[in-house]
Amino acid sequence: MPPSTSSPEAALAAQGATKRYRRRGPAALDDCTFSIPAGAVCALVGTNGAGKSTLMEMAAGMERPTAGALEILGEPPRTGHPRVAYLAQDRPLFPRLTVAETLRYGARANQGNWDAELAERAADLPRFHRRERIGDLSGGQRTRVALALALGKRADLLLLDEPMADLDVVSRQEVMGLLMAHVADTGSTVIMSSHIISELSDVCDHLLVLDQGRPRLCGDVEGLLADHAVVTFPGGAERLAGHTVLESRPVGRGTSALIRTTSPTPDDWEVRSPSLEELVLAGLNAPGLPDLAPSSARHVKEFSS
């Protein structure tokens, strides 16, 4: 990978990053360019097959780009990076180990940088019998143990692939509370994928939307929401001429649309801010748009050749 002039404040940066598993097959990631700043809590959103897990694996050093470049914390990704913790979607754990043995393994693997108390709270250790084996646990219990290994590492960058999957409502609240307290305490960067936008909207301050392997929206959530508006007005969609439209539909005798606020709107238009869910869904349903919203394009750094 070529040397980089990307900002040291970027926790994860991509420049034309592409990943193909078959030479003539479709790209799992296709010419991705974006930057996620250090200290962000980033929601990674997309439909099944959008490339979310592939991006996580590349950031964790488990896969290499077919073309382009990817950096974490200003350097190339590598497996076992001491500053990176990765929670894979399949929760790879040793099924014959007990929960307590698994946490002791995590402590040995991260000597000098292990938070035993946080790991035990994340695993909810008091609920387990000390001899209970990983292979005998439910999916939700295994998820909590895998999360405990990630949080206990006290990494600068947490890559969490569907971290709330299999957890019940109570466990989701507990784990999210622990995660946010950890971020507040350490300033760690978190990139977490999820299909449930509502569970991320209250905790994430950055957004990366992937669609068919390409970034469709990327940037600070507050900035992205400010760059867009939901408008309602009398008349048809022809009145949207001159605006970048993500989505529009007839409403009674008028039209409602989600647009980018790049030009003034007429006085007879009602204008409100979109919700994060509205913005994400509209972005995914607007295939003709440029890949990056204006707010994110301003923050992308070029890698030197």
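Thresholds, definitions, all that
Residues numbered from 1 in each chain as written. Predicted model: local features only at pLDDT ≥ 70, side-chain atom pairs only at ≥ 80, totals over all residues. Heavy atoms only, no water. Helix = DSSP H or I, 4+ residues; strand = E, 2+ residues; numbered from the N terminus. Rg over C-alpha atoms; globule rule 2.2 N^0.38 Å. Buried < 20%, exposed > 50% of the residue type's maximum accessible area, 1.4 Å probe, protein only. Pairing = 2+ DSSP bridges. Axes fitted to C-alpha atoms, helices over the stretch in contact; angles between N-to-C directions. Contact = heavy atoms within 4.5 Å. Salt bridge = Lys/Arg side-chain N within 4 Å of Asp/Glu carboxyl O. Right-handed = clockwise from strand over helix to strand, strands pointing away. Parallel < 35°, antiparallel > 145°, perpendicular 65-115°, else oblique. Left-handed = near helix turned anticlockwise from the far one by under 90°. Nonpolar A, V, L, I, M, F, W, Y, C, P; charged D, E, K, R; others polar.

Caption draft 1: Up close: the overall build of the protein chain. Looking only at helices and strands, the protein chain features nine helices and 13 strands. The C-alpha atoms of the protein chain give a radius of gyration of 21 Å, which matches the 19 Å a tight globule of 305 residues would have. Projecting the C-alpha coordinates of the protein chain onto the three principal axes gives extents of approximately 70 × 45 × 40 Å. Per-residue burial over the protein chain gives 49% buried out of 305 residues.

Caption draft 2: Fine view of the sheet that holds strand β8 (residues 206–211). Ordered by their spatial adjacency, six strands build an open sheet running β5-β6-β7-β3-β8-β9, and the pairing between neighbours is mixed. This sheet does not close on itself; its edge strands, each paired only once, are β5 (84–87) and β9 (214–220). Taking each pair of neighbouring strands and ignoring which way they run, the sheet shows an average axis angle of 10°. As paired strands, β5 and strand β6 (residues 157–161) are joined by four bridges and run parallel to one another. Residue pairing across strands places Ala-85 opposite Leu-158, the latter belonging to β6. Across the sheet, helix α1 (residues 52–59) lies against β3 (41–45), β5, β6, β7 (189–193) and β8, angled at about 150° from β6, the strand it touches most. The strands touched by helix α8 (residues 276–284) are β3, β8 and β9; relative to β8, the strand with the most contacts, the crossing angle is about 25°.

Caption draft 3: Quick look at the pattern of salt bridges. This model, assessed by the stated rule, comprises ten salt bridges. We note a salt bridge from Arg-154 to Asp-115, for which the minimum N-O separation is 2.9 Å. With Arg-154 in the loop between α4 (139–152) and β6 and Asp-115 in the loop between α2 (99–109) and α3 (116–123), the pair connects residues that are 39 residues apart, well separated along the chain. For Arg-154, a relative accessible area of 29% gives the class partly exposed.

Caption draft 4: A look at the side chain of Thr-54. Looking at the secondary structure, you find Thr-54 in helix α1. Taking relative accessible area as the criterion, Thr-54 reaches 10% and is therefore assigned buried. Among all residues touching Thr-54, those that are not within four sequence positions of it are Lys-19, Tyr-21, Ala-28 and Leu-29.

Caption draft 5: Local environment of the environment of Leu-208. Here Leu-208 is to be found in strand β8. Once the C-alpha coordinates of Leu-208 and Thr-47 are considered, the two residues, 161 residues apart in sequence, prove to be 12 Å apart.

Caption draft 6: Just the side chain of His-182, in detail. Residue position: His-182 is located in helix α5 (residues 169–186). On the basis of relative accessibility, which here comes to 4%, the residue His-182 falls in the buried class.

Caption draft 7: Layout of the pairing of β6. In terms of burial, β6 is a largely internal element, five of the five residues being buried. Side chains Leu-157, Leu-159 and Asp-161 project from β6 onto one buried face, and the interleaved Leu-158 and Leu-160 project onto a second face that is buried too. Pairing analysis gives five bridges linking β6 to β7, with the strands arranged parallel. Residue Leu-158 lies in a different strand from β7, and its bridge partner there is Val-190. Between the parallel elements β6 and β7, the chain passes through α5 in a crossover that is right-handed.

Caption draft 8: Representation of the sheet that holds strand β1 (residues 10–19). Ordered by their spatial adjacency, three strands build an open sheet running β2-β1-β4, and the pairing between neighbours is antiparallel. If you trace the sheet from one side to the other, it starts and ends with β2 (29–37) and β4 (67–72), each paired once. Across the sheet, the mean angle separating the axes of adjacent strands is 10° when strand polarity is ignored.

Caption draft 9: Local environment of the packing of α2 against α4. Running from N to C, α2 and α4 point in directions that differ by 20°, and their axes come no closer than 10 Å. Comparing their axes, α4 and α2 come out roughly parallel. Helix-helix and strand crossings are classified by hand; for α2 and α4 the assignment is right-handed. Where α2 approaches α4, its residues Val-99, Thr-102, Leu-103 and Gly-106 are matched on the opposing element by Val-145, Ala-148 and Leu-149. Of the residues contributing to the contact of α2 with α4, the split by class is five nonpolar, two polar and no charged.

Caption draft 10: Representation of unusual backbone geometry. Not every positive phi belongs to a glycine, and Leu-73 is a case in point at roughly 50°. By the secondary structure assignment, Leu-73 is in the loop between β4 and β5. If you check the backbone angles, Gln-212 has positive phi at about 50° while not being a glycine. Tracing the sequence through the fold places Gln-212 in the loop between β8 and β9.

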